[in-house]
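Structure at a glance
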Amino acid sequence: MLLLLTVAFSVAAWVEPQYQERQEVHSGDMMSFLLGDSRRLFANHFFVKADVYFHSGFYPTIFDNQQSFQTPHMAEDAGALKGHNEGDETAFMGPPLDFIEAFRRHFAPSSHTHLDEGGAQGTNGVNLDLGEKGGEVREILPWLKISAELDPNRIETYMVTAYWLRKRMGKVDEAEEFLREGLRANPNNPAILYELGRIYHEDRTNDVHAINLWELGVRKMDEQKSVKTEQDNFILFQLTLSLARVEEDRGNYARAIQWLEREKAVSPYPDVITKQIEDDRQKLADSQKSGADTPAKTGSQPP
Amino acid sequence: MNVIFAVAGVVIKEMYRRKDFYVLLILTVVITLLMGSINFFDDDKIARYLKEVCLMLIWVSSLVIAISTVARQLPMEKENRTIFPLLAKPISRAQLVTGKFLGCWLACGVALLCFYVFFGCLSFSRERHWFLLNYFQAATLHWAMLAIIIGMALLGSLVFAAPSSNGTICFVLVAGILLIGGYLNRVAMQTTEPGRSFVYAIYYIIPHLEIFNVQERMVHDWPLIEWKYYALAILYAAAYSAVFVFFSCRLFRRKALS
């Protein structure tokens, strides 16, 4: 007994300083301490789980055709990810191969629905009180929160969560708080800055702050040394598009044209942008002719 | 029939006395309530993640109760030598096996009732809506599936030497069927002969327990399953359990007890 007590005391004296040291290094990040890098796999699993909930469980398994679910629909709808989905999203299971499979399908979710459109009950023609604007879309939030806890560097989790909180549930403060959490974990991330700017532009009607955030996003994107991915270009496209739109609204056509020029390089529709640039040039000429061009007060610097 | 019910009554009383059910029920309640206490963006109406966790715990608990109760029934009677005075009474071996099956199945039904009442209350506390018929369908389909598993474990208790090995094999089989049983036909399509025929044979022979797993429908509030398909599923379960009980009776009739 005495020997056991001595051993227990020795082990505790050895383990405790190591634990404290590790806690300091990881600054209380229990998840990374427990799971290591495998937490990213779990984070991805829970992100997809949120999309499964978004479809009320009607989702392809590894045995089904996943062509139409390559990009989670909730992320695509939120504008957080560029869509890569192809094919019919309602028929990923294909025709049943035998009578057992045909029978089994009567017991599983069987139609393509989105939670923000009423979910599973909505498809049945039942007139339910959907509550807030987003209906049952709140149900995806726990999985997104867990995903962010597991992998704080997964940017799309913050963007998707903030979008649904803000646009469909009217929880602007919670959305901003969550994005700021993301910003603390990923300082100056252009995608999070873009989403934060949308909150200031669309919900708080503070265009100056929105412009500052989006500009910072573009600057950080330019400073990025690594090769830009398709997703980076998608975010740059959204940043420059938003800057161009807000400058047009403010009557700063010269700046709007400069942002549009920047946008053209990353836009999937450069011809449309060229047309917009021509329109803005015309408006700029008209305003200069009438001498009514609004002087630039605050806001964006030329790119 | 009275003899069968008498044996079944003894099995149900045995379940009352054992602590497995109480422990699993309390664990399910505690874990679910702990999960429910987590705050997600100050929204207290979020319910589905909680329903999923609760249903998963109910399923695991019911499988543990069913398999562990059945697997030890006949081996324990033999080990304690209580089977001899039991069979000395006017009771046939087939009646004993059927009584054991019925007792385990009814005991599981009682346990499931408690679990699903808790689940219903939990759902109502969040959603403020009773889906009583949906709960009824889910619980009865679950119970029907347990009949197949009880039949399977009963047959296993006559084939395998120890209750532990029988329990483990049953758990592995049930988990396997629930996870991939429904997709074996697709696996077979991508396999060459003779593997294809072998996988297809397994696909058609195994009881498709995944049919009875309507957790997704319950979690996401899907409308009711059409009653004709529900009735067919119950018949399917009845047929498979009858086959297992029949083979158990046949096997037990020829089995040496000493």
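Predicted, not measured: the structure shown is a model, and the values here were computed from it. Within each chain, residues carry numbers counting from 1 in the order of the written sequence. In the order they appear in the text, chains get letters beginning with A and ligands get numbers beginning with 1. Restriction of local features to residues with pLDDT of at least 70 applies here, the model being predicted, together with a cutoff of 80 or more for giving and counting side-chain atom pairs; totals for whole chains, interfaces and linings are based on all residues.

In terms of helices and strands, chain A carries 14 helices and zero strands. The burial label depends on the number of other C-beta atoms within 10 Å of a residue's C-beta. Counts of 20 or more mean buried, 12 or fewer mean exposed, and intermediate counts mean partly exposed, with C-beta atoms placed from the backbone. Burial status across chain A gives 37% buried among its 303 residues. Contacts spanning at least 24 positions in sequence make up 55% of the contacts within chain A whose residues lie at least 6 apart. Strands are runs of DSSP state E lasting at least two residues, helices are runs of H or I lasting at least four, and both sets are numbered from the N terminus onward. In this description, any two residues whose backbone-derived C-beta atoms lie within 7 Å of each other are considered to be in contact.

This paragraph deals with the overall build of chain B. When helices and strands are counted, chain B shows 11 helices and zero strands. The helix and strand sequence of chain B, counted from the amino end, reads α-α-α-α-α-α-α-α-α-α-α. The atom set for the radius of gyration is the C-alpha atoms, and the globule formula is 2.2 Å times the number of residues raised to the power 0.38. The C-alpha atoms of chain B give 20 Å as radius of gyration, which agrees with the globular expectation for 258 residues (18 Å, within 12%). When its C-alpha atoms are laid out on the principal axes, chain B stretches across 65 × 50 × 35 Å. Looking at chain B residue by residue over its 258 residues, the buried ones come to 39%. Once local pairs closer than 6 in sequence are excluded, the contacts in chain B between residues at least 24 apart make up 83%.

On to the packing of helix α3 (residues 48–79) of chain B against helix α5 (residues 93–127) of chain B, then. Residue and element names in this part refer to chain B. To obtain each axis, a line is fitted to C-alpha atoms, and for helices this fit is confined to the stretch in contact; angles are then taken between N-to-C directions over 0 to 180 degrees. In contact at an axis separation of 10 Å, α3 and α5 are set at 165 degrees when each is read in the N-to-C sense. The orientation of α3 relative to α5 falls into the category roughly antiparallel. Of the two elements, α3 crosses α5, and the hand of that crossing is right-handed. For this scheme, ten residues count as nonpolar: Ala, Val, Leu, Ile, Met, Phe, Trp, Tyr, Cys and Pro. Four count as charged, namely Asp, Glu, Lys and Arg, and the remainder, Gly too, count as polar. The residue inventory of the contact of α3 with α5, partitioned by class, reads 16 nonpolar, five polar and three charged. With respect to orientation, any angle under 35 degrees is reported as roughly parallel, any angle over 145 as roughly antiparallel, any angle of 65 to 115 as roughly perpendicular, and every other angle as oblique. Left-handed describes a crossing whose near helix is turned anticlockwise from the far helix by less than a right angle; the clockwise case is right-handed.

Glancing now at the confidence of the model for chain A. All names here are of chain A. pLDDT is defined as a per-residue confidence score from the predictor, taking values between 0 and 100. The pLDDT averaged across chain A works out to 80; a share of 85% of its residues lies at or above 70. Mean pLDDT values for the elements of chain A range from 70 in helix α2 (residues 30–35) up to 91 in helix α5 (residues 99–104). Across residues 125–132 the pLDDT falls below 50, and counting only partners more than four positions away or on other chains, this stretch makes seven contacts in the model. Every residue in residues 296–300 scores below 50 in pLDDT, and together they form 11 contacts with partners more than four places removed in sequence or on other chains.

Below, the discussion takes up the packing of helix α10 (residues 190–203) of chain A against helix α12 (residues 230–249) of chain A. All names here are of chain A. Direction vectors running N to C along α10 and α12 enclose 30 degrees, while the axes themselves pass 9 Å from each other. Taken as axis vectors, α10 and α12 run roughly parallel relative to one another. The way α10 lies across α12 gives a crossing that is left-handed. Of the residues in α12, those touching α10 at Pro 190, Ala 191, Tyr 194, Gly 197 and His 201 are Ile 235, Gln 238, Leu 239, Ser 242 and Val 246. For the contact of α10 with α12, a count of residues per class yields six nonpolar, four polar and no charged.

Turning next to the interface of chain B and chain A. Contacts between chain B and chain A engage 26 residues on the former and 27 residues on the latter. Within the residue set of the side of chain B that touches chain A, elements represented by two or more residues are α3, α8 (184–189) and α10 (215–219) of chain B. Ranked by residue count, the leading element in the side of chain B that touches chain A is α10(B), at three residues.

Structurally, A:Leu243 is set in helix α12. A count of 28 C-beta atoms within 10 Å places A:Leu243 in the buried class.

Take the environment of A:Pro60 next. All names here are of chain A. Among the structural elements, Pro 60 can be located in the loop between α3 (38–54) and α4 (73–78). Taking the C-beta count within 10 Å as the criterion, Pro 60 has 16 such neighbours and is therefore assigned partly exposed. Taking the C-alpha atoms as reference points, Pro 60 and Phe 92, separated by 32 residues in sequence, lie 6.6 Å from one another. Pro 60 has contacts with Asn 65, Gln 66, Phe 69 and Phe 92, leaving out every residue within four places of it along the chain.

Bringing the confidence of the model for chain B into the picture now. All names here are of chain B. Of the residues in chain B, 100% reach a pLDDT of 70 or more, and the chain-wide mean stands at 89. The secondary structure element of chain B with the lowest average pLDDT is helix α4 (residues 83–88), at 79, and the one with the highest is helix α6 (residues 132–159), at 93. Two numbers describe this predicted complex: its pTM, 0.81, and its ipTM, 0.84.

Residues and elements named next belong to chain B. Look at the link from Glu 193 to Pro 194: it is a cis peptide, with omega at 5 degrees. Here Pro 194 is to be found in the loop between α8 and α9 (195–205). In this structure, Phe 41 is a non-glycine residue whose phi angle is positive, near 55 degrees. Along the chain, the position of Phe 41 falls in the loop between α2 (20–36) and α3. Residue classification places Phe 41 among the buried positions, given that 20 C-beta atoms sit within 10 Å. Even without glycine at this site, Arg 81 takes up a positive phi of about 60 degrees.

Right, let's get into the nonpolar core. If you look at the biggest cluster of nonpolar residues, it comprises 126 residues, and the most contacted ones within it are A:Ile140, B:Cys108, B:Ile149 and B:Ile150. Examining the composition of this core, we find that 15 residues originate from one element, α6(B), more than from any other. Per-domain counts for this core show at least three residues from each of domain 1 (31–151) and domain 2 (188–290 + 299–303) of chain A. Once residues lying within four places of it in the same chain are set aside, the contact partners of B:Ile150 are B:Ala66, B:Val70, B:Phe101, B:Cys104, B:Trp105 and B:Cys108. Buried Ala, Val, Leu, Ile, Met, Phe, Trp, Tyr and Cys residues form a nonpolar core when they are connected through C-beta atoms within 7 Å. An automatic or database domain assignment supplies the residue ranges for each domain.

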